[in-house]
Amino acid sequence: MAVSPLVSPSASAIAHRKNDATGASVTAQKNEASPQFVQHAADREITEQMNDEVRHKYIKTKKLGEGTYAVVFLGHLRTDPSSFVAIKKIKVNTEYRDGLSMDAIREVKYLQELSHPNVIALHDVFSSKDQNLNLILEYLPRGDLEMLIKDSNIHYGVPDIKAWMGMLVRGVWFCHENFVLHRDIKPNNLLIASDGEVKLADFGLARSFADPYLNMTHQVITRWYRPPELLYGARQYSGVVDIWSTGMVFAELLLRVPFVAGNSDLDQVTKICEAFGTPTEENWPGVSKLPNYVPADRNHLMPTQGREFFLRQFPTAGPVGADLLMSMCTLDPRKRSTAYQALQHNWWTTEPRPTNKEDLPRKSGGTKKMGDDLTRRGGELDDDQFKNAARQLDFTAMRE
Amino acid sequence: MIEDDFYRTSSQFRLWSFAEDSLHSLRQNTNRLASDRVRGALRRAREARQSANSSAVGTPNPNGNDADSKLGEEKDIECLTAEEEQDLVRYFCEQIVQLGESYKPPLPTIVRATAIQYLRRFYITNSPMTYHPKTIMPCVLFIATKTENSYMSLRQFADGVPGDTTADDIITPEFLVMQSLRFTFDVRHPFRGLEGGIMELNAISRGLGLPTPHLPNQTPDDLRRFISSLPPSQNTPTSSSVSDRLARAYHNTREILKSAAQMTDAYFLYTPSQIWISALLLSDRPLAEFYLDTKLGGSAQLPESHPFTHLRTKLLTTLNNCSTLLDSYKPLASDADAKKAMRRIGKKLYHCQNPEKANLAGQKRVPTATAATAATASASDPATPESEMERLAKKRKLEGGQAEKHDIFGGELVMERTKERQI
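Rules behind the numbers
Residues numbered from 1 in each chain as written. Chains lettered and ligands numbered in written order. Predicted model: local features only at pLDDT ≥ 70, side-chain atom pairs only at ≥ 80, totals over all residues. UniProt positions renumbered as here; feature names shortened; annotations may be inferred. Helix = DSSP H or I, 4+ residues; strand = E, 2+ residues; numbered from the N terminus. Buried ≥ 20, exposed ≤ 12 C-beta atoms within 10 Å, placed from the backbone. Expected span 1.5 Å × (residues − 1). Contact = placed C-beta atoms within 7 Å.

Under an unreviewed UniProt entry, the name given to chain B is RNA polymerase II holoenzyme cyclin-like subunit, and the organism recorded is Aspergillus cavernicola. As recorded by UniProt, the Subunit (unreviewed entry) comment attached to chain B reads in full: "Component of the SRB8-11 complex, a regulatory module of the Mediator complex." The Sequence similarities (unreviewed entry) field of the UniProt record for chain B holds the comment "Belongs to the cyclin family. Cyclin C subfamily."

An unreviewed UniProt entry annotates chain A as Kinase-like domain-containing protein originating from Aspergillus cavernicola. The annotation that UniProt attaches to chain A under Sequence similarities (unreviewed entry) is "Belongs to the protein kinase superfamily. CMGC Ser/Thr protein kinase family. CDC2/CDKX subfamily."

In structure tokens, the structure reads:
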């Protein structure tokens, strides 16, 4: 399977990469054929036996983190103590009486289907005897991009950013190619493997592309990374919502602070207008018909920003890099780059070359950070201020 | 062929696609294990009853009436065959369609189709003798509302389920079901493929067809001429315009995908694209063959030695097999004999239902301490069936055989009531 649309597809490439990427970690268990059904374990149902077989493969060692939603443990293969895994145990939610929560269902549903070097691997799922759900995830000991962005002791440059962004966009492309919207791309959902590979994690808000004319919720993506069409309440949207978020991560990697950090949804719209220009019928036909569109004050119309602005704002990116960023943060979603188009941009082949993933800057303490990242629910920021951001998902309205 | 590569990574391909004979042997195996288990459980139940009989009053009697159970003691119980199990499961798949229809607004086709595939997957490794489909059916439909973005609250969902099914009854088997689904929730349906194919054909009919990369000689005009000069299908009046013909083909194909494709083993044996093209072959064969020609070249266009000629032959064999399977489906409602047979299977199941699995409470995912202990005890301590039996016997006694009154065949109830609602 192709890792990117731009390299020749090779069947062995993915398996090979997976081994590389996870280092000491386990290779994919997913591709095994159906296990043999043990016939004679007298008192267990077939499915219980299969579950027991999976559970028996792993040993839990220590707790890495605990949140309201999940507990994450370090574990390893029973047969090989050096093959580490992260075991994410989803907690029973006492408030929620409707069975397994939507976050857990989404995460399991999509990770079972997506197998790519830049998407966190789900090796196995099993239930423990107290009927808790346990996800065996790829062990990613080097923290996340947010940690590197925030640490002023870490120095990185354009070649490093190019390497990280390349991995991110390939992961996003793969999700979209499989008709999956991630809907929560941000630096602390981008985890780092022992060999430096960036992995897209936390599929708690993901969903498949809707059929044409069917509505989706607009209450997704953490605010600072949320595109203008969602802020305006669009109910029909495409993969480019994830591209906006990806562009915001790109900008943040360059600036080392979030680029447009509104403290309310309204403030977010204002800041986007200030940064990129005011959306109007001229630069974005149809925008005024979106449900939560607020007509701009005629006296404070900001012109759409061109290439010069991006180059001035992000000098380190260089003209070609600024052009890519601009294509990812285009206000009109119809004109915004798709993941496929972004991968075809000539920034990737322009000097300087991206850093080899093994040589990317690293920081210790990543295991703890992975524990924290994996216990969070989708859409949550660590920051208290944003505790309730994007959590009120409007499921009922989607049935229309 | 990168699309095939994508499909091969799907859980539907990895875990839920089978060769016909291996699917058959999996089901035989499940049936054999469950039958053994039922016989053992009924023997234990008999023993428990005998020891209880010595203490006389209020004999718990899971078999309903005394004469019956006495008879049962003499001869060994007759279990369902794997084929009967399959018929039963198919009946409950049809019930899912009905139940989904009864909501206002009706649950989307995709939700119902996913629920049906969950139920079919569940019963590859579980037997209706162990878990009655009437208890599993509402649960798979509720799970499908969650996995297919049509979530409503459990309470709201339960209100739509006829009979005295409670929210608790619906959610209790959830974990059991998910475990049997091996925690894979994604189902790849043939519906989108059909939409795309019809869009392509519509574009061709308007002279906007694009040549397939392998066949650069195709021009939009040639394609348009071909599609408007196709021989009529059995179902198409000769006079109809191409767009009418496409609309009719689309409608009929979609009906097959909603019914026959769901109720047969099609999803286990074929890929989504094979299924929709096979269904299109059934509703308009010349059109479906023309569609294949646009991709692979017609038999006239290519020499025999061309790799596509071989591929085409191979593909047509597969598609025809799938068409035959789809064509074999007869809805239960239109088949009096099958209905009668279903009644017989229902009665038979009533006698060979595993009594030790009658109460799913142990399977429930409840956070309270007592329930957790109970669950742990029943799950990790299979060595004490006697005490479990006593508990169940007591429970039955308390219920005073209520369940049995309207329980000759629980599923019937759903169908009848649903029908009333539809009128």
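Student: Looking at this structure, how should I read the environment of Arg 344 of chain B?
Tutor: Its place among the elements puts Arg 344 of chain B in helix 19 (residues 336-352). Judged by the 10 C-beta atoms lying within 10 Å of it, Arg 344 of chain B is exposed.

Student: Explanation requested: helix 16 (residues 272-283) of chain B in the structure shown.
Tutor: The periodicity of an α-helix, 3.6 residues per turn, causes residues three or four positions apart to be oriented the same way. All names here are of chain B. For helix 16, built from twelve residues, the straight-helix expectation of 16 Å at 1.5 Å per residue is met to within 8% by its first-to-last C-alpha distance of 17 Å. Most of helix 16 is tucked away, with ten of its twelve residues classed as buried. Regarding helix 16, the residues found buried are Pro 272, Ile 275, Trp 276, Ile 277, Ser 278, Ala 279, Leu 280, Leu 281, Leu 282 and Ser 283. On its buried face, helix 16 sits against helix 11 (191-205), helix 13 (242-258), helix 14 (260-263), helix 15 (266-269), helix 17 (285-296) and helix 18 (307-327).

Student: What am I meant to see in unusual backbone geometry here?
Tutor: Most peptide bonds are trans, and most residues other than glycine sit at a negative phi. With an omega of -5 degrees, the peptide bond running from Glu 351 of chain A to Pro 352 of chain A counts as cis. Structurally, the position occupied by Pro 352 of chain A is in the loop between helix 11 (339-343) and helix 12 (366-375). In this structure, the amide linkage connecting Lys 104 of chain B to the following residue, Pro 105 of chain B, adopts the cis form with an omega of -5 degrees. Notably, Arg 256 of chain A is not glycine yet its phi reads approximately 70 degrees, a positive angle. Summarising the element assignment, Arg 256 of chain A is placed in the loop between helix 7 (240-255) and helix 8 (265-276). Classification of Arg 256 of chain A as partly exposed rests on a count of 13 C-beta atoms within 10 Å. The phi dihedral of Phe 183 of chain B falls on the positive side, at around 55 degrees, and the residue is not glycine. Take Phe 183 of chain B: it is sitting in the loop between helix 10 (174-180) and helix 11. C-beta crowding within 10 Å serves as the criterion here: with 25 such atoms nearby, Phe 183 of chain B is assigned to the buried category.

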